[in-house]
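Examination of the molecular architecture
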Amino acid sequence: MLIKPCCIGDVIMTTPLLEVIRANYPAATITYITGTWSKTIAEHHPAVDKVIDCGSIGIPGRYSLKDYLKLARQVRRQRYDLAFVLDRSPMLTLLPWLAGVPRRVGPDSLGRGFSLTDRVVVSADRSHLQHQAEIYLDLARAIGLRIDHPRMLFVPTEQERQSIYKSDYTKVAVFTGGGSNPGMQLTAKRWPIERYRELTRRIVTELGMQVLLIGGESDQELNQGLIDGLLDVPSEMVVNLAGKTSFGETAAQIEVCRLFIGNDSSPMHLAAAVGTPVIAIFGPTSPEEYGPYPVDDSQHIALWRHPTGQPCFFLGKMQPCEHCTCMTSVTVADVWQALLRLIPDAQQRAEVQS
């Protein structure tokens, strides 16, 4: 059993651990307890046998003690042997203890893992950062599981793959939003829309590629604002898909794109999980903790120009910031150079377009 209620990007980063658990326990029944907001990730992973929707349990201020104890009783009836608690909340680390699970493995951050049988120390120092996926894999290492270069994984269904937007153009997925999750708004993670507009113009006019603007309903207006400023770009070359696809359909759409460009966000992790090359733009968060995984993959480029070299967002909270220049420090030229690295024939395309 794994427990990780929220949020989507965080749950995607647990998928390397899922691969490890399945490889080490091929006959086990693997259950994933996660929230309504994030359950689609577990539902699309081949290692997961059962998903328990815990609703809003795990999101501070969103659930009652009655709902929490009801979930504990539900888990107790299943008689699990082993629980991986992939959250630092003491309420969630306590859950498998209440449910009578004999072995309980999880991160012990600031002493909050007191109810675990196997406590794995997590750094609380901004000068010593650990990638979230590696923190989860450390739980497997702590109990002696074999690990062999696991990756993030999301598998769209065939129906989702058949439902995507289709055209004859080579496509680039762009995500302008991010930083919006249940219980938290961190729009400081967004690169300026004016820079996304200029980048989009260059992708279309210099490379002849089509840009697909992805996202949820809340991103429709943001994407439309980008499009409204592209008066010199053919309308069919920039398509606003925000709010028109489910999460699985978005994954299938990104899967057929040549490249993904976006902020630190769940779509960024999703792109890595479907095997699409990624350019990720970071600001208050650090790619050392939240970058596309594996971090050493040559198809992943994370751009981070933080003036202090330490993230403003750490241990789930924004720290006081006097600089606020991290997002604007990443230029269009920076992203363009990264694009040329990931699309080797881009220069040839540019010459043909000119």
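Structural notes, computed from the coordinates. (Residues numbered from 1 in each chain as written. Predicted model: local features only at pLDDT ≥ 70, side-chain atom pairs only at ≥ 80, totals over all residues. Heavy atoms only, no water.)

1. Some details on the overall build of the chain
When helices and strands are tallied, the chain shows 14 helices and 16 strands. For the chain, whose C-alpha radius of gyration is 21 Å, the value lies close to the compact-globule estimate of 20 Å for 354 residues. Among the 354 residues that make up the chain, the fraction classed as buried is 55%. Excluding contacts between residues fewer than 6 apart, the proportion of contacts in the chain whose partners are at least 24 apart in sequence is 64%. Approximately 15,500 Å² of the chain is accessible, and the part contributed by carbon and sulfur atoms is 49%. Charge centroids of the chain, computed over 35 positive and 37 negative side chains, lie 8 Å from each other. (Helix = DSSP H or I, 4+ residues; strand = E, 2+ residues; numbered from the N terminus. Rg over C-alpha atoms; globule rule 2.2 N^0.38 Å. Buried < 20%, exposed > 50% of the residue type's maximum accessible area, 1.4 Å probe, protein only. Contact = heavy atoms within 4.5 Å. Areas by Shrake-Rupley, 256 points an atom, 1.4 Å probe, with all protein chains shown as cover. Lys, Arg positive; Asp, Glu negative; His and termini not counted. Charge placed at Lys NZ, Arg CZ, Asp CG, Glu CD.)

2. Notes on the nonpolar core
Within the largest apolar cluster, 53 residues are counted, with the highest numbers of intra-cluster contacts made by L2, L17, F84 and F260. Once residues within four sequence positions are removed from consideration, F84 is found in contact with M1, L2, I3, L17, I21, V105, L139, A140, I143 and L145. If you look at the next biggest cluster of nonpolar residues, it comprises 34 residues, including W191, L226, M237 and L339. (Core = buried A, V, L, I, M, F, W, Y, C linked by side-chain atoms within 4.5 Å.)

3. Description of the packing of aromatic side chains
In the structure shown here, the tally under the stated rule is 3 aromatic pairs. Measuring from ring centre to ring centre gives 6.0 Å for F154 and F247, while their planes differ by 75 degrees; the resulting arrangement is edge-to-face. With a gap of 93 residues between them, F154 in the loop between α6 (132-142) and α7 (158-162) and F247 in helix α10 (residues 247-255) connect regions that are remote in the sequence. If you follow R202 out to its NZ or CZ, it ends over the ring of W336, 4.2 Å from the centre. (Phe/Tyr/Trp six-rings, centres within 6.5 Å; stacked < 30°, edge-to-face > 60°. Lys NZ or Arg CZ within 6 Å of the ring centre and 35° of its normal.)

4. Thoughts on helix α2 (residues 15-24)
With respect to burial, α2 is a largely interior element, 8 of its 10 residues being buried. Of the positions making up α2, those classed as buried are T15, P16, L17, L18, V20, I21, R22 and N24. Among the structural elements, β1 (2-3), α1 (8-12), β2 (31-34), α3 (39-43), β4 (82-85) and α6 are those in contact with the buried residues of α2.

5. Topic: the state of the cysteines
Taken as a whole and assessed by the stated rule, the structure comprises 1 disulfide. The disulfide partner of C6 is C7, and the S-S distance across this bridge is 1.9 Å. In this structure the cystine formed by C6 and C7 twists about its S-S bond by roughly 75 degrees; its chirality is therefore right-handed. C7 shares its class with C6; the two are buried. (Disulfide = S-S within 2.5 Å.)

6. Some details on a nonpolar patch on the surface
Side chains of L65, L69 and M91 sit close together on the surface and give an oily, nonpolar patch of about 250 Å² of accessible area. Following the sequence through the fold, M91 ends up in helix α5 (residues 90-98). (Patch = residues over 30% accessible without salt bridge, like charges linked within 9 Å, V, L, I, M, F, W, Y side chains within 5 Å. Salt bridge = Lys/Arg side-chain N within 4 Å of Asp/Glu carboxyl O.)

7. A closer look at a positive patch on the surface
Taken together, the side chains of K66, K70, R73 and R77 define a basic patch exposed on the protein surface. For K70, a relative accessible area of 56% puts it in the exposed group.

8. Observations concerning the pattern of salt bridges
All chains considered together, the criterion is met by 15 salt bridges. Between D53 and K39 there is a salt bridge, and its shortest N-O distance comes to 3.4 Å. One end of the pair, D53, is in strand β3 (residues 50-53); the other, K39, is in helix α3, and 14 residues separate them in sequence. Judged by its relative accessible area of 33%, D53 falls in the partly exposed class. The exposure class of K39 is partly exposed, given its relative accessible area of 26%. A salt bridge links D345 to R258; the nearest nitrogen and oxygen atoms lie 2.9 Å apart. Here the residue D345 occupies a position in the loop between α13 (332-342) and α14 (346-353), and R258 occupies one in the loop between α10 and β12 (259-263), the gap between them amounting to 87 residues. Taking relative accessible area as the criterion, R258 reaches 29% and is therefore assigned partly exposed.

9. Here's the deal with the sheet that holds β1
With respect to topology, 6 strands assemble into an open sheet ordered β3-β2-β1-β4-β5-β6, the strand pairing being parallel. With one partner strand each, in any of the chains shown, β3 and β6 (118-121) form the two edges of the open sheet. With 2 bridges connecting them, β1 and β2 associate as parallel partners. Within β2, the residue paired with I3 across the bridge is I33. Set on the sheet, α5 makes contact with β1, β4 and β5 (103-108); between it and β4 the angle comes to about 170 degrees. (Pairing = 2+ DSSP bridges. Axes fitted to C-alpha atoms, helices over the stretch in contact; angles between N-to-C directions.)

10. A look at the pairing of β2
Taken residue by residue, a regular strand's side chains alternate between the two faces of the sheet. Of the two faces of β2, the one holding T31 and I33 and the one holding Y32 and T34 are both buried throughout. Where β2 and β3 come together, 4 bridges link them in parallel fashion. Following the sheet pairing, I33 is matched in β3 by I52.

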